Amino acid sequence: MAIVHEILNYFKVEINREQCKKCKRCVNHCSYGVLSFNGEKIVSDDQKCVACQRCAVMCPGNAIRIVQNESFLPPHGNYTRKIRNIIWAQSGDGGVLLAATGNDRPIRSIFDDLLLDACQVTNPSIDPLREKIETKIFFGRRPEKLTFVSDQDDLEGVSLKTKLMPNFEMDMPIMVGHMSLGSISYNACHAIYKAAKELNIVAGTGEGGLHPDFFEYAPNIITEVASGRFGVDLNYLHNAAALEIKIGQGAKPGHGGHLPGEKVSSLISQTRMIPKGSDALSPYPHHDIYSIEDLAQLIAALKEATRYKVPVGVKIAAVHNSAPIAVGIVRGGADFLTLDGFRGGTGAAPRIIRNHAGIPIELAIAAVDERLRQEGLRDQVTLIAGGSIRYSADLIKAIALGADIGMCAMPVLIAMGCRVCQQCFRGLCSWGIATQQKYLVKRLDVDIAKNRIKNLFHSWNEELKEVLGAMGIDSVESLRSNRDRLRYIGPNPHIAEILGVKHAGE
Amino acid sequence: MLVNKNMIVEKTKQKIYEIGMDDMIEIDAAPNGNPIDYRNLNTQIHGAINENFTNIILNNVCGQRFIGAGLQGNIEITINGIPGNDLGIFMDGPIIKVNGNCEDQSGNTMNHGKMIIDGDGGDVIGLSSRGGKIYVKGDVGYRVGIHMKEYEDQFPTLIIGGTAKDFLGESMAGGKIIVLGLKILQDGTIIENPQPICGSELGTGIHRGAIFLRTDENIEDRLGVGAKIFELSEEDQKEIENDIKDFCETFNIPITTIDEKPFKVIKPISKRPFESNYCGYLV
Ligand code: SF4
Ligand code: SF4
């Protein structure tokens, strides 16, 4: 039984009464029910405020400021305010606490402890504005070696004997991570798919199916086959640039997705192919996959069902034994492998798992890349890495550690207007992103959002070129796994050892 | 091996259907006793479909997986032998008839179509299927009918002539499973199956759909989380009448045999079994 215990609010809405025109726009824009007009002035119920900033941005009088609640709890270095709040919430409710976005614990980022190399004297750098620096990459399985047959008498008559597997080209080594329609809105999906198409990169659908309206973006979409098999039919399998078997997600390794029935609107019902209003519960494991052999079997089944036309890969959360698992996956026939680190985002996950399970993506990339190389498999497979690639620096370092493609989602949401309020699981996103409510969804202008995503990735790609130029490298493929161009400056030299990166100064 | 049109079909003992001759083709899955691999076999099936054959007979099938994976349309495939795992995975329309037993995961994520297994089935049959019918004459293994679901006019039906093992209908999200508890002997005699109708964890996590068991056993202590036993209502009776009739006709079971035992029906306690398990607070 729920016994409510008021939790000290984090935020306060400050309204400058002189600047306020009483237009009530803020009241209409607040989807969390914080603001109201009492006939005389705007009043706020600060307990409900999530600091999403919508009111402050929309206020024509610039009259609103969201500030931290200075009311103080007795300080304690160990029982922080957050830990006390968790205890109050749980002792009041008795349930498993949900959380959204990525891990919010202040754990040191390994990316931030890495520095990039640059050319001086002995090797010339390249000016990316005047010389071609290639950021194009190929997605899919590459053959171990190429064999040719030649016609003895005819010098022209050399032909390729190796059978090539499906591959496609991307203009940047960037992918928009998997977010389902359901976790985010129709408009948000639309903006992402449009941007992916115009940038010639790819975006993931998540495990919630692909709405038929979006079939036109298929050449830039990777669809997921997850344990719930939601929305998986032949149309879905045939409308994708690549298929991914989702085993796990960085934010909730080992946990199945859970979309509550109230979010299963007719749009979601159509996409997931489940009745309106029913819970979409993804079983925790795939019940046809209890081993690497079983995984190989589903990979083969998907290839059979799609007649070997598209790459089929596997996504796993970065966990303790990622490296040997990755080897099994590649040997099992996966054409690409997606690794999602412990900071990866989510629309809803148990807080306990989001904050405490998995390992940092930096270590997982290095470990998997190294092991695949030892096994002679690395060059055959496309390695995608995500789980908090926040900006271009993280992307560049992820590639240098061994990833072919950096995958990110949170920066895409932030580009579209997300303020990282971490309330996505409530479905009330005032920015029209993590919600299915029509009046909120229409706040997100598809074309503006699309252009912002395009600008963001364009700038990342330009920054990538700047770095490649400074390193004297003319193609991003030569940066991949080039760990000699990284140095470590963090506090723990053992991390540098696992990463296969030298300490700065070495 | 592709065999030419109008080849004479070797009459199998258990032939339970008619085959139109013009559009028929036979494929040998183990020429000279050497089984070909699944890729080759499926390539031949696709080749036959491209040449407009709609009745495809696979002889000497010997564990080849993924037969009929992702096939669509008005096609009938007859399998003489034992197909491997994932028979008819992602299938959307065709009819598959198996004269023999099956391995695991037949009808995995099937969308539409019919599968008639004239033998025993393995584990995890009908996993995540969203539509179509699967009939198994004999017994089946573990986790059968797991996460079957329904959507609009799509409604999967799984009927088992014999018995099932543990976790029957786990996480079921729609459709119906019927288990008859019979045993059809080689010579065609039908007796009550001496095995228990199902194992433990029956319908665990079920949140939509129903499981019909023809049994007088006490199954109360085999129920999984969220599942509840109901007496068969008149409406339930109607719900399964046609399915049972069709099943009995398919396998030559006198319909009167069915009436000798009552049905119990297992349905979810709630459509939202884990609703109160999670909470969201700004911490
Ligand atoms: S939007 Fe700004 S000006 Fe309008 S009522 Fe709210 S605080 Fe006042
Ligand atoms: S998507 Fe919306 S609800 Fe989620 S963190 Fe961003 S602003 Fe908040």
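Refer to the structure printed above.
This text gives an overview of the structure that appears in the document. None of these values were measured; they are calculated from a predicted model.

Overview of the site of ligand 1
Line of reasoning, step 1. As a structural note, the neighbourhood of ligand 1 is formed by C20(A), K21(A), K22(A), C23(A), K24(A), R25(A), C26(A), I42(A), C59(A), P60(A) and I64(A).
Line of reasoning, step 2. Across the shell around ligand 1, the residue classes tally to seven nonpolar, no polar and four charged.

So, the sheet that holds strand β5 (residues 96-99) of chain A
Line of reasoning, step 1. One open sheet accounts for three strands, arranged β19(A)-β5(A)-β14(B); its pairing is mixed. The open sheet is flanked by β19 (349-350) of chain A together with β14 (278-279) of chain B, the only strands paired with a single partner.
Line of reasoning, step 2. Sheet topology places β5(A) next to β19(A); two bridges connect them, and they run antiparallel. Note on β19(A): the bridge partner recorded for A99(A) is A349(A).

Points about the pattern of salt bridges
A pair can form between side chains of opposite charge whenever their charged atoms are brought close.
All names here are of chain A.
Line of reasoning, step 1. Applying the stated rule across the entire model yields 46 salt bridges over all chains.
Line of reasoning, step 2. For K12, the salt bridge identified is with E70, shortest N-O distance 3.4 Å. Of the two residues, K12 is situated in strand β1 (residues 11-15) and E70 in the loop between β4 (64-68) and α3 (81-93); the sequence distance between them amounts to 58 residues.
Line of reasoning, step 3. With a relative accessible area of 24%, K12 lands in the partly exposed category.

Regarding the interface of chain B and chain A
Line of reasoning, step 1. Contacts between the two partners involve 44 residues from chain B, matched on the other side by 56 residues from chain A.
Line of reasoning, step 2. Considering only the surface of chain B that becomes buried against chain A, Y278(B), L282(B) and V283(B) emerge as the three largest contributors, covering 20% of it.
Line of reasoning, step 3. On inspection of chain B and its partner chain A, the count reaches zero salt bridges.
Line of reasoning, step 4. Seen at the junction of chain B and chain A, the total is 19 residue pairs in polar contact (both at pLDDT 80 or more).
Line of reasoning, step 5. Those elements that place two or more of their residues in the side of chain B that touches chain A are α1 (38-50) and β14 of chain B.
Line of reasoning, step 6. For the side of chain B that touches chain A, the element with the most residues is α1(B), which contributes five residues.
Line of reasoning, step 7. Two elements, β5(A) and β14(B), share two bridges in a ladder whose sense is parallel.

What counts, and at which threshold
- Residues numbered from 1 in each chain as written.
- Chains lettered and ligands numbered in written order.
- Predicted model: local features only at pLDDT ≥ 70, side-chain atom pairs only at ≥ 80, totals over all residues.
- Heavy atoms only, no water.
- Near = heavy atom within 4 Å.
- Nonpolar A, V, L, I, M, F, W, Y, C, P; charged D, E, K, R; others polar.
- Pairing = 2+ DSSP bridges.
- Helix = DSSP H or I, 4+ residues; strand = E, 2+ residues; numbered from the N terminus.
- Salt bridge = Lys/Arg side-chain N within 4 Å of Asp/Glu carboxyl O.
- Buried < 20%, exposed > 50% of the residue type's maximum accessible area, 1.4 Å probe, protein only.
- Contact = heavy atoms within 4.5 Å.
- Buried area = accessible area lost by both parts, 1.4 Å probe.
- Polar contact = N/O pair within 3.5 Å; in protein donor to acceptor, adjacent residues only side chain to side chain.

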